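Next come the chains, spelled out residue by residue.
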Amino acid sequence: MTQERYSPQDIEQKWQERWQQQDAFACDHHSDKPKYYVLEMFPYPSGNIHMGHVRNYSIGDVVARCKRMQGFNVLHPMGWDAFGLPAENAAIKHNTHPARWTYANIDNMRAQLRRLGYSYDWSREVATCRPEYYRWEQGFFLRLLEKGLVYRKKAPQNWCPSCHTVLANEQVIDGLCWRCDSHVEQKDLTQWFLRITAYGDELLQDLQKLEGGWPDRVLSMQRNWIGKSTGAAVRFGLPAPLDGVDHLEVFTTRPDTVFGVTFLTLAPEHPLVEKLIEGYEKADEVRAFVTRIRNMDRLERQSDNLEKEGIFTGAYVTHPFTGRQVPVWLGNFVLADYGTGAVMGVPAHDQRDFEFARKYGLPVKVVISPEGQVLDPASMEAAFTAEGVMVNSGDFDGMPNTDGKKAVAERLEKEGKGKATTQFRLRDWNISRQRYWGAPIPVIYCEKCGVVPEKEENLPVLLPLDAHVREDGRSPLPETDSFVRCTCPVCGGEARRETDTLDTFVESSWYFARYTAARNTASAFDMDALKYWLPVDQYIGGVEHAILHLLYARFFTKVLRDLGFYPEGLDEPFTNLLTQGMVLKDGSKMSKSKGNVVDPTAMIAKYGADTVRLFCLFAAPPERDFDWSDSGIEGSSRFLHRVWRLFMDEAGRLSAVKACGAGAGDVTTPEARDLRRREHLTVRKVTEDMGNRFQFNTAISAVMELVNAMYLSREKLGKSDAENRVFSSAMATVLTLLSPITPHLCEELWQRMGHTSSLQEEAWPVCEESALVQDTVTIALQVNGKLRGTIEVPAGADKARMEEVALADAAVQRHTSGLTIRKVVVVPGKLVNVVAN
């Protein structure tokens, strides 16, 4: 009789249609079960999923399916990060409208994800480009504006000349645009900012709450990016007020060295530079320096390897304690938006300042010395940065410099010349984008009333879909009269709309909360649903989002909590984070230009979705990169065919037994006892590996070993009802443990076993410790350290019994014939070594 062949295409289509018809993975927050919210970072609709998507979403799907079987009420949604540059640029390239391009891609990618059998609750699907989504975001903007957490200012901005838009600091990677790799320039623009720095302390402190749940690497990256520094603000007086300012303020982490200041360094972009050089004979040279440095890469200017450059402004300020005149320089290593844009130069005790002073012939003054020593500034080859005592520091002489930090800060505050303070490396978030495909900023400009927020009842401010998209990427909104021309909400007169759109990272900063009540039309969220589902229990995505998306989502969570949109006490959005590795080909990242792209659709057509899922999870632990291998996916396919053949070969002895369904009473032979023990050992191993460790590769290996054991045992097992039940139990366990990974095949064989309920409704199997007890153990027999055979002995046999059995073994007797046995070494439960000569 010809065995029915495994046909993944037919089986997978059958079960996907059934899941869709039954809304098999829908859930709600009215449940007595414990909740579990698992989420993968949603994709932007590029048109096709890639292998990185498949790996990411397969990891999430295994977690979701496991948790359902373990008794949790699981929320596992999917949506689309649909606004932004990628979609707009692709649409322009393909000579179509971004809306048409985006929605067509969503339809295609949704079908691809369904084809992979992911257990999403599709009733919660969101697309951030839909007005029913971004209307709530515009409402958040108005509340943030009202609370002073959104503001508008003119300042030098990161400008991408290719994308025709500004970029946040976090979106500039090594001086290049994060999307197109163009060199980023500096440009003075008036932009909208979110005051993320207002939450700097909380963002930093709450990283402690994520320890153990987030990778240490990500926590470290965020700490460094937030970059909190403790020190003092010091005021150096100007000879005469400039623009109403009578001093230059600097921030220093070393107030104990203030008496060693021999120069001040300003950022070339500092707003007072032009006033400071007014009338200076070398003003044009200074302006040329400013122009050149402004166009340097920001990250290069912060590099330790940067060659320090500067120029004297011709201006002086007054030292707050000594009254000395301190020259003011400009330096390429000072940034206008970091601190106050001014730093004090203490060359004797800061290596950067030391190098700068030596280069330009500036004085070096020692104010910290090792106890009992006097440092000579002229002979110093490097700055002295160790601890010591204060010298040449007036009333503070002789004080340990560690105490001097606080003492100097207190004196500055007492005399009104400064104060103890902290600062952050973190800058406020520029959310203005000069592109079309984004959520309109709900602000109106009126000549009479100024900057006016749109009325909340007028939301959403719709992005006009009839705007003609420009080939060069510049936004058509400023030239779209139907959008720009409007009525002022205050005076009713003619006005114009803001034509900048919101950074797409705003949309991705709260989407996970919208999933909890995605069809709510009355408000952004359902508070009861938020209280039930949030925070996300397990978040999965690439480490490249460690600063951008993850930092912004943390900030938005805290802001929306304080504005009353989120429940009190919701401090963090994601309890646990898994950053999966990349899928490589030939050792490098897949890309069309390298010709090494592996198409998931082609792999599914050839092998089936279950095989693709299995290989992506088996190839490496989830946090590691892995190299795509044709032989590897072939191996995964062979394994699933092997499971299918085993089932078909033994179908006559199988019955509707559940995982770990054979009891002690069914174990009538040593072979049956061994198979049952292996079954329960596998359950224990897979449960541990699929738990919080997410070591799917080793879990799959354990199931493979059980399948191997079943192939071997079927020849030894009899065909009694009891032995058939043991075999059926092992088969049910294989299918149950594999079902989160290869759900279609497992559901099909589960049904063929005679089960009437769905496998996904089954409880996760539990290892019985009693099933692991062995009646006998296999021990190794050695003669003079060389293996000469194995033998079964009763479990728990003592040394005397093991020695007796070993010496009676034919192989041992043969290899000791004619020799004198000098010693017998017994390791209980493991081996016997006979020493003879």
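Reading the values: rules and limits
Residues numbered from 1 in each chain as written. Predicted model: local features only at pLDDT ≥ 70, side-chain atom pairs only at ≥ 80, totals over all residues. Heavy atoms only, no water. Pairing = 2+ DSSP bridges. Helix = DSSP H or I, 4+ residues; strand = E, 2+ residues; numbered from the N terminus. Axes fitted to C-alpha atoms, helices over the stretch in contact; angles between N-to-C directions. Left-handed = near helix turned anticlockwise from the far one by under 90°. Contact = heavy atoms within 4.5 Å. Nonpolar A, V, L, I, M, F, W, Y, C, P; charged D, E, K, R; others polar. Buried < 20%, exposed > 50% of the residue type's maximum accessible area, 1.4 Å probe, protein only. Arc of directions from axis to C-beta. Polar contact = N/O pair within 3.5 Å; in protein donor to acceptor, adjacent residues only side chain to side chain. UniProt positions renumbered as here; feature names shortened; annotations may be inferred. Domains from an automatic or database assignment. Phe/Tyr/Trp six-rings, centres within 6.5 Å; stacked < 30°, edge-to-face > 60°. Core = buried A, V, L, I, M, F, W, Y, C linked by side-chain atoms within 4.5 Å.

Trainee: If you had to explain the sheet that holds strand E4 (residues 165-167) to someone new, which residues and values would you point to?
Mentor: Strands sit in the order E4-E3-E7-E17 across an open sheet of four strands; the sheet is antiparallel. Pairing within the sheet leaves two strands with one partner each, and these edge strands are E4 and strand E17 (429-430). As paired elements, strand E7 (residues 185-194) and E17 share two bridges and run antiparallel to each other. In the strand pairing of E17, Phe193 is matched with Asn430.

Trainee: Give me the packing of helix H18 (residues 600-607) against helix H20 (residues 630-649): which residues, what numbers.
Mentor: At their nearest, the axes of H18 and H20 sit 11 Å apart, and the two run at 35 degrees to each other. Both H18 and H20 take part in a crossing whose hand is right-handed. For the pair H18 and H20, the contacting residues are Met603, Lys606 and Tyr607 in the first and Ile633, Glu634 and Ser637 in the second. For the contact of H18 with H20, the class distribution of residues is three nonpolar, one polar and two charged.

Trainee: Any details on helix H11 (residues 351-360)? Residues and values, ideally.
Mentor: Structural remark: α-helix, 3.6 residues per turn; residues separated by three or four positions point the same way. Those residues of H11 that fall on the buried side of the exposure criterion are Asp353, Phe354, Phe356 and Ala357. When H11 is viewed along its axis, its buried side chains cluster within an angular range of 165 degrees and face the same direction. Structurally, H11 contributes buried residues whose contacts are with strand E10 (263-266), strand E11 (310-318), strand E12 (325-331) and strand E13 (342-345). Sitting at the amino-terminal end of H11 is Asp350, which places a side-chain oxygen 3.1 Å from the backbone nitrogen of Arg352. Looking at the residues trailing H11, positive phi occurs at Gly361, about 70 degrees.

Trainee: Run through the pairing of strand E3 (residues 150-160), naming residues and quoting values.
Mentor: Two elements, E3 and E7, share 10 bridges in a ladder whose sense is antiparallel. Its bridge partner lying in E7, Val150 is registered against Leu194. Here E3 runs beside E4; their pairing, made up of three bridges, is antiparallel. Note that in E4 the partner of Trp159 across the bridge is Val166. Between the end of E3 and the start of E4, which pair antiparallel, lie four residues, with His164 showing a positive phi angle near 55 degrees.

Trainee: An account of the UniProt feature "domain: Aminoacyl-tRNA synthetase class Ia" (unreviewed entry) in the protein is requested, with residue identities and associated values reported.
Mentor: The residues that UniProt annotates with the feature "domain: Aminoacyl-tRNA synthetase class Ia" (unreviewed entry) are residues 14-211 and 427-628. The span residues 14-211 shows a helical share of 39% and a strand share of 19%, and its end C-alpha atoms are spaced 43 Å apart. The span residues 427-628 is 26% helix and 20% strand, and its two end C-alpha atoms sit 40 Å from each other.

Trainee: I'd like a description of the domain arrangement of the protein, backed by residues and values.
Mentor: Parsing the protein into structural domains produces domain 1 (8-24 + 32-128 + 508-600), domain 2 (138-195 + 430-504), domain 3 (228-424), domain 4 (629-771) and domain 5 (776-836). Using only C-alpha atoms to locate each centre, domain 2 and domain 5 end up separated by 82 Å.

Trainee: I'd love a proper account of the packing of aromatic side chains, names of residues and values included.
Mentor: A full pass over the atoms with the stated rule returns 43 aromatic pairs. Geometrically, the ring pair formed by Phe259 and Phe321 is stacked, given 5.2 Å between the ring centres and 10 degrees between the ring planes. A residue pair is termed long-range when its members are at least 10 positions apart, and Phe259 in the loop between strand E9 (245-252) and E10 and Phe321 in the loop between E11 and E12 qualify at 62 residues. Neither residue differs from the other here; Phe259 and Phe321 are each classed as buried. Between the aromatic rings of Trp329 and Tyr360, the centroid separation amounts to 5.1 Å while the plane-to-plane angle is 50 degrees, which identifies the pairing as tilted. Separated by 31 residues along the polypeptide, Trp329 in strand E12 and Tyr360 in helix H11 bring together distant segments of the chain. Trp329 gets classed as buried once you look at its relative accessible area, which sits at 10%. Residue classification places Tyr360 among the partly exposed positions, given a relative accessible area of 28%.

Trainee: An account of the nonpolar core is needed here, citing residue identities and associated values.
Mentor: One broad trend across soluble globular proteins is that nonpolar side chains are buried collectively. Counting 116 residues, the largest nonpolar core has Met51, Trp429, Phe512 and Trp628 as the members making the most contacts within it. The element that contributes the greatest number of residues to this core is helix H17 (residues 548-562), accounting for nine residues. Residue contributions to this core reach at least three from each of two domains, namely domain 1 (8-24 + 32-128 + 508-600) and domain 2 (138-195 + 430-504). Other than its neighbours up to four places away in sequence, Trp628 contacts Met51, Val583, Leu584, Lys585, Met590, Val598, Met603, Phe615, Cys616 and Ile633. Membership of the second largest hydrophobic core comes to 65 residues, among which are Ile11, Ile59, Leu578 and Leu738.

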